[in-house]
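Analysis of the macromolecular model
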Amino acid sequence: MPVTYRAPKGTDDVLPPESRAWLRAEKTFVDLAEVFGYDIVLTPYFEATELFSRGVGEATEVVEKQMYTFTDKGGRSLTLRPEATASLVRAMVEAGGVHGTEKIAAWGPMFRYEKPQRGRRRQFYQGDIEYFGEPSPDADVEVIEFGYRYLEEMAVPDVVVALNSIGDVEDRATYRDLLTTWLMERQDDLSDDARNRIASNPLRVLDSKADADIVAEAPAPVEHLADAAAEHFTQVQRGLRRLQIPYRIEARLVRGLDYYNRTVWEYLATSYEGAQDAAGGGGRYDGLFELLGGKPTPAVGVAMGIDRIMLMAGKRADQPALDAFVVIADPNRRDAGLDLVSELRRRGLRTDLDLAERSVSAQFKAADRAAAAWAVVVGDEWADGKVTARNLATGEQETVAVEGIEAWLKGR
RNA sequence: GUGGCCGUAGCUCAGCCUGGUUAGAGCGCCUGGUUGUGGUCCAGGAAGUCGCGGGUUCGAAUCCCGUCGGUCACCCCA
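These notes cover the structure that comes with them. Since we're looking at a predicted model, the values are computed, not measured. (Residues numbered from 1 in each chain as written. Chains lettered and ligands numbered in written order. Predicted model: local features only at pLDDT ≥ 70, side-chain atom pairs only at ≥ 80, totals over all residues. Heavy atoms only, no water.)

**Quick notes on the overall build of chain A**
Broken down by element type, chain A carries 14 helices and 16 strands. A compact globule built from 412 residues should have a C-alpha radius of gyration of about 22 Å, whereas chain A, at 28 Å, is more than 25% larger. When its C-alpha atoms are laid out on the principal axes, chain A stretches across 90 × 50 × 45 Å. In chain A, the proportion of contacts linking residues at least 24 apart, taken out of those at least 6 apart, comes to 71%. When the accessible area of chain A is evaluated, it comes to approximately 20,800 Å², of which 49% is carbon and sulfur surface. If you average the places of the 51 positive and of the 68 negative side-chain charges in chain A, the two averages end up 4 Å apart. (Helix = DSSP H or I, 4+ residues; strand = E, 2+ residues; numbered from the N terminus. Rg over C-alpha atoms; globule rule 2.2 N^0.38 Å. Contact = heavy atoms within 4.5 Å. Areas by Shrake-Rupley, 256 points an atom, 1.4 Å probe, with all protein chains shown as cover. Lys, Arg positive; Asp, Glu negative; His and termini not counted. Charge placed at Lys NZ, Arg CZ, Asp CG, Glu CD.)

**Comments concerning the sheet that holds strand 3 (residues 68-71)**
Taken in spatial order, the 3 strands make up an open sheet running 2-4-3, and their pairing is antiparallel. Strand pairing shows two members of the sheet lacking a second neighbour, strand 2 (46-48) and strand 3, which therefore form its edges. Between one strand and the next, the sheet's axes are offset by a mean angle of 35°, whatever the strand orientation. Sheet topology places strand 3 next to strand 4 (residues 77-80); 4 bridges connect them, and they run antiparallel. Looking at the pairing, tyrosine 68 lines up with leucine 80 of strand 4. (Pairing = 2+ DSSP bridges. Axes fitted to C-alpha atoms, helices over the stretch in contact; angles between N-to-C directions.)

**Some remarks on the packing of helix 6 (residues 169-185) against helix 7 (residues 192-200)**
Closest axis-to-axis distance for the helix 6/helix 7 pair is 10 Å, and the angle between their directions is 145°. Regarding helix 6 and helix 7, the two cross each other, and that crossing is left-handed. On helix 7, the residues that touch Arg176, Thr180, Leu183 and Met184 of helix 6 are Ile198, Ala199 and Ser200. For the contact of helix 6 with helix 7, the residue count by class is 4 nonpolar, 2 polar and 1 charged. (Left-handed = near helix turned anticlockwise from the far one by under 90°. Nonpolar A, V, L, I, M, F, W, Y, C, P; charged D, E, K, R; others polar.)

**Considerations on the packing of helix 1 (residues 18-35) against helix 5 (residues 137-153)**
Relative orientation of the contacting elements helix 1 and helix 5 amounts to 140°, with a least axis distance of 10 Å. Regarding the angle of helix 1 to helix 5, the classification is oblique. The interaxial crossing formed by helix 1 with helix 5 has right-handed handedness. Residues Ala25, Thr28, Phe29, Leu32 and Ala33 of helix 1 form the contact with helix 5, whose participating residues are Phe146, Arg149, Tyr150 and Glu153. Here the residues of the contact of helix 1 with helix 5 are counted per class, giving 6 nonpolar, 1 polar and 2 charged. (Parallel < 35°, antiparallel > 145°, perpendicular 65-115°, else oblique.)

**A few points about the protein's contact with RNA strand B**
Around RNA strand B, the structure places 53 residues, and the nearest of them are Arg118, Arg120, Arg197, Gly256 and Leu392. Atoms of RNA strand B within 4 Å of the protein: sugar and phosphate make up 57%, bases the balance. Within the backbone of glycine 10, a nitrogen or oxygen atom sits 2.8 Å from a phosphate oxygen of RNA strand B. One nitrogen or oxygen atom from the side chain of arginine 308 is found 2.6 Å from a base oxygen belonging to RNA strand B. Secondary structure elements with two or more residues in the surface near RNA strand B: strand 6 (123-132), helix 7, strand 10 (278-284), helix 13 (360-369) and strand 15 (386-391). A total of 6 residues in the surface near RNA strand B trace back to one element, the largest contributor, which is helix 13. In terms of residue class, the surface near RNA strand B is built from 14 nonpolar, 17 polar and 22 charged. (Near = heavy atom within 4 Å. Polar contact = N/O pair within 3.5 Å; in protein donor to acceptor, adjacent residues only side chain to side chain.)

**Here we look at the sheet that holds strand 5 (residues 102-111)**
What the 8 strands build is an open sheet, ordered 1-5-6-11-10-9-7-8; its pairing is mixed. At either end of the open sheet lies a strand with only one pairing partner, and these are strand 1 (39-40) and strand 8 (247-249). Sheet topology places strand 1 next to strand 5; 2 bridges connect them, and they run parallel. Residue pairing in the sheet places isoleucine 40 in a bridge with alanine 105 of strand 5.

**Observations concerning the pattern of salt bridges**
This structure, assessed with the given rule, holds 24 salt bridges. Two residues, lysine 103 and glutamate 142, come together in a salt bridge whose shortest N-O distance is 2.8 Å. One end of the pair, lysine 103, is in strand 5; the other, glutamate 142, is in helix 5, and 39 residues separate them in sequence. An identical accessibility class is assigned to lysine 103 and glutamate 142; each is buried. The salt bridge involving glutamate 152 is made with arginine 149; its shortest N-O contact spans 3.3 Å. With a gap of 3 residues between them, glutamate 152 and arginine 149 both fall in helix 5, about one helical turn apart. Look at glutamate 152 and you get partly exposed, because its relative accessible area is 43%. What you see here is one network of salt bridges that share partners, running through Glu343, Arg346, Arg347 and Glu406. (Salt bridge = Lys/Arg side-chain N within 4 Å of Asp/Glu carboxyl O. Buried < 20%, exposed > 50% of the residue type's maximum accessible area, 1.4 Å probe, protein only.)

Written out as structure tokens, the structure reads:
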């Protein structure tokens, strides 16, 4: 059959058995968030376009060319969310703002119009946690630790935290002038992209790979922190050392979203062979609430890239998918078999059967393929109120009473 | 958005350079050997507009162009 319809470019269907691993990834994330004291929040998958253009920043790559923007029938400009933080902050502001502290988690798809490749999809999944209302560097440490623990639980090997501080907004103005001057003096040697960015967003020139040689000599934000930001950064590092979370200072790390200040970081999977080695990233964004119309609220958060983590994670053996597979040996006892399946399911046993009225041999084969623990044969012995239960792993089998079969199976 | 490579059965691929009778393999799937017993083995079988469209040619999976999709790198990011 020729394929008429395909999943849109850069999107994936997640089919069994991989879907089981994805479900596990989500459960692991939500459970860990609860362990850390974060509550799940659900927000829309689309928002007013302006939320992102203002929140994320007009001059960012995301806003300039990666947004899925459309006009609805009411004439509103809406955008499929390219990231979660702006929505989460908006939701909190809309709900009346943060009183004291608020710790929330979110999970779901994000959308960015990019050229797809391995580990970079147009619809991709993130798990986020956000710590609102807490200026302490220990909040940064907690959020960094959360992401690190999640990667541990997901069995992503060789993770290191790439860490930097880009200072506060006020300090950054001074640094920005310094950097702009420095870049202007060398603009003839810079790539076109970098040169164009000097005026709009000079910090982003820092992580340009094309200009890596030149930029390596540039003044780094971390060398020009004001006292408060410098002390904050010192405390973050102290906390990470205390928790023995491996990190390294990455002086050129600036991140692509404009709302960050002070601490920024990414989780790099150093043994992963692929261009997309960042499994997650985060930062502090003390100015975003105000920018989006709320009262000033310190905040720090992280986004974990689930698609990449699934690529990086060690594969785990799948558990048996079924407890019982009912084999109907005598077509005249089909109703009895169907009733037994229903009864076992109501008792909570994962149970299935082959409805195609095939040979017993074929049904056993199906039971085996379904990775069932037991095959339960409904045949002549049904007349005596019995079924034959065969352990598909050991090959041992026994004819037992139908009455109480659920308990019998569970007891094995 | 830029460049390289790729696109043949459900899956992994061979065939393509050097166009030519019914397009192959392994795995998987179905049936039988086993009219009530799977996982091993044996036999048989089903399944392919050779991504799509156009061109060259007597003839195209094979050559050319376009297009869609994948992939790798860049850009950038999760």
